[in-house]
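# A closer look at the structure
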Amino acid sequence: MDLNELQQQWQRLDQKLDQTLRLNSELLRQSIVLPARRRIHMLSAWPAIDVTACSIVLLVVGAFTFEHVYAWSLVVPAIIVMVGAVVLLCDSVRQLIRVAGIDWFGPVAEIQSELSRLRVGKITQFKWVILCSPLVGLSGLIVGMQFLLDRFAESTLVLDELDPWWVFSNFVFGVLFIPFGQILIRFVANRFGGHGWWQQLSDGISGTSLKKAQRELERWTDLSGPAAS
């Protein structure tokens, strides 16, 4: 065997070794990425539930608004509930689209980036749900009580049975809670953002499945080093 044949055989062996290493690396990568993928798909069940619930709310409250179109004292809270449902519906659909758009066979760094954006989105959604809950909750209470009265007590308005000052003060509180609550959240975030308990709180809000998926991807990053990206 001359030198050229020996070099060619060596190159073929080297190519086979590279292919074997790439295959083993990809198998190891998928063994870590696939559990993360399953966790994220399980996490997407919550936005799907939100989409279903918001759709039902829009249908029911929309019909309620049509029935009481001339009673502005009922139309206003009904519109508030529908606006909240539409916003939550759109944000939940956006989360589902983001989950479906993750390229699980792409670079791990890009997957981690998408998961980070998904985490920020869930925390932001939770924040606005908390900020708007007093106003939307009161409006939903009025709509729900009127819905029951329509079924069991004819020609009765729920606002006639409630203290007007109580209703007014709660509406004012609900409106003011949005800007002042946001100021409070920013203050707490700036003051305690570096503390461990704040990180644990944000992790809990974003979902344990999402956090575990990020840790599993970090395992791959630690094992493969720069090659993971």
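What comes next is a walk through the structure. All residue numbers refer to position in the chain's written sequence, counted from 1. Only residues with pLDDT of at least 70 are given local features in this predicted model, and only at 80 or more are side-chain atom pairs given and counted; all residues enter the totals for whole chains, interfaces and linings. Values reported for side chains reflect all heavy atoms of the structure, with hydrogen atoms and water molecules removed beforehand.

## Brief notes about the overall build of the protein chain
To keep it simple, the criterion reads: What counts as a helix is a DSSP run of H or I of at least four residues, what counts as a strand is a run of E of at least two, and both are numbered from the N terminus. Only protein chains enter the calculation, and the probe is 1.4 Å; a residue is then buried if its accessible area is under 20% of its type maximum, exposed if over 50%, and partly exposed in between. Contacts are assigned to residue pairs with any non-hydrogen atoms lying within 4.5 Å of each other. Only the protein chains shown count as cover for residues, with accessible areas throughout obtained via the Shrake-Rupley method and a probe of 1.4 Å.
Check the secondary structure of the protein chain and you find 8 helices and 0 strands. Starting at the N terminus, the α and β elements of the protein chain follow one another as α-α-α-α-α-α-α-α. Residues counted as buried form 29% of the 229 residues belonging to the protein chain. A fraction of 79% describes how many contacts in the protein chain between residues 6 or more apart in sequence connect residues 24 or more apart. For the protein chain, the exposed area adds up to about 14,800 Å²; of that, 66% sits on carbon and sulfur atoms.

## Things to note about the packing of helix 2 (residues 45-67) against helix 3 (residues 72-100)
Relative placement of two packed helices is described by the angle separating their axes and the distance separating the axes. For the record, the criterion: In this description, a line fitted to the C-alpha atoms serves as the axis of each element, helices being fitted only across the stretch in contact, and the angle between N-to-C directions of two axes falls anywhere from 0 to 180 degrees. Throughout, the term roughly parallel applies to angles under 35 degrees, roughly antiparallel to angles over 145, roughly perpendicular to angles from 65 to 115, and oblique to all others. For any helix crossing, the convention is left-handed if the near helix is rotated counterclockwise from the far helix by under a right angle, and right-handed if that rotation is clockwise. When residues are sorted by character, Ala, Val, Leu, Ile, Met, Phe, Trp, Tyr, Cys and Pro go into the nonpolar class, Asp, Glu, Lys and Arg into the charged class, and all the rest, Gly among them, into the polar class.
Between helix 2 and helix 3, the shortest axis-to-axis distance is 8 Å and the interhelical angle comes to 155 degrees. When the axes of helix 2 and helix 3 are compared, the pair comes out roughly antiparallel. Read as a crossing pair, helix 2 and helix 3 show a hand that is left-handed. Split by residue class, the contact of helix 2 with helix 3 holds 19 nonpolar, 5 polar and 1 charged.

## Let's talk about helix 3
Our working rule: How far a helix is expected to stretch is found by multiplying one less than its residue total by 1.5 Å.
Compared with an ideal rise of 1.5 Å per residue, which puts 29 residues at 42 Å, helix 3 spans 41 Å between its outermost C-alpha atoms and is within 8% of the ideal. Listing the buried residues of helix 3 in full gives L74, V75, P77, A78, V81, M82, A85, L89, D91, S92, Q95 and V99.

## Considerations on empty space enclosed by the protein
Selection rule: The way it works is a 1 Å grid over only the protein atoms, where trapped points that fit a 1.4 Å probe form a cavity and open points with protein on both sides within 12 Å along at least five of seven lines form a pocket, and then any residue with an atom within 4 Å of a point lines it. Grid points are joined across faces, edges and corners, and a volume is the space filled by probe spheres set on the points.
Evaluated as defined, the whole model comprises 1 cavity of 30 Å³ or more. Around the largest cavity, the lining residues are I40, L43, S44, P47, Q95, V99, L118 and K122. Contributing elements (two or more residues each) for the lining of the largest cavity: helix 1 (3-43), helix 3 and helix 4 (108-152). Considered class by class, the residues forming the lining of the largest cavity number 5 nonpolar, 2 polar and 1 charged.

## Quick word on the state of the cysteines
What counts, and what does not: Any pair of cysteine sulfurs within 2.5 Å is marked as a disulfide.
Applying the stated criterion across every chain yields a total of 0 disulfides. Here C54 is not disulfide-linked; the sulfur of C90 is the nearest cysteine sulfur, at 9.1 Å.

## Things to note about the packing of aromatic side chains
Stated formally: Pairing of aromatic rings covers Phe, Tyr and Trp, the last counted by its six-membered ring, and requires centre-to-centre distances within 6.5 Å; plane angles under 30 degrees mean stacked, over 60 mean edge-to-face, and any other angle means tilted.
All told, the structure shown has 2 aromatic pairs when counted by the stated rule. Seen in terms of ring centroids, W165 and F168 are 6.1 Å apart; in terms of plane orientation they differ by 90 degrees. Their pairing is edge-to-face. In this pair, W165 and F168 both sit in helix 6 (residues 164-192), 3 residues apart, roughly one turn of the helix. Taken as a pair, W165 and F168 share a single burial class, namely exposed.

## Overview of the pattern of salt bridges
Defined as follows: Every case where a carboxyl oxygen of Asp or Glu lies within 4 Å of a side-chain nitrogen of Lys or Arg is listed as a salt bridge.
Evaluation of the coordinates by the stated rule reveals 1 salt bridge. When the shortest N-O distance is used, the salt bridge between R94 and D91 registers 2.5 Å. One end of the pair is R94 and the other is D91, both in helix 3 and 3 residues apart, which spans about a single turn. By relative accessible area, R94 is classed as partly exposed at 32%.

## Re the environment of L135
Mapping L135 onto the fold places it in helix 4. Judged by relative accessible area, L135 falls into the buried class, the value being 12%. Sequence separation of L135 and V81 is 54 residues, and the distance between their C-alpha atoms is 8.8 Å.

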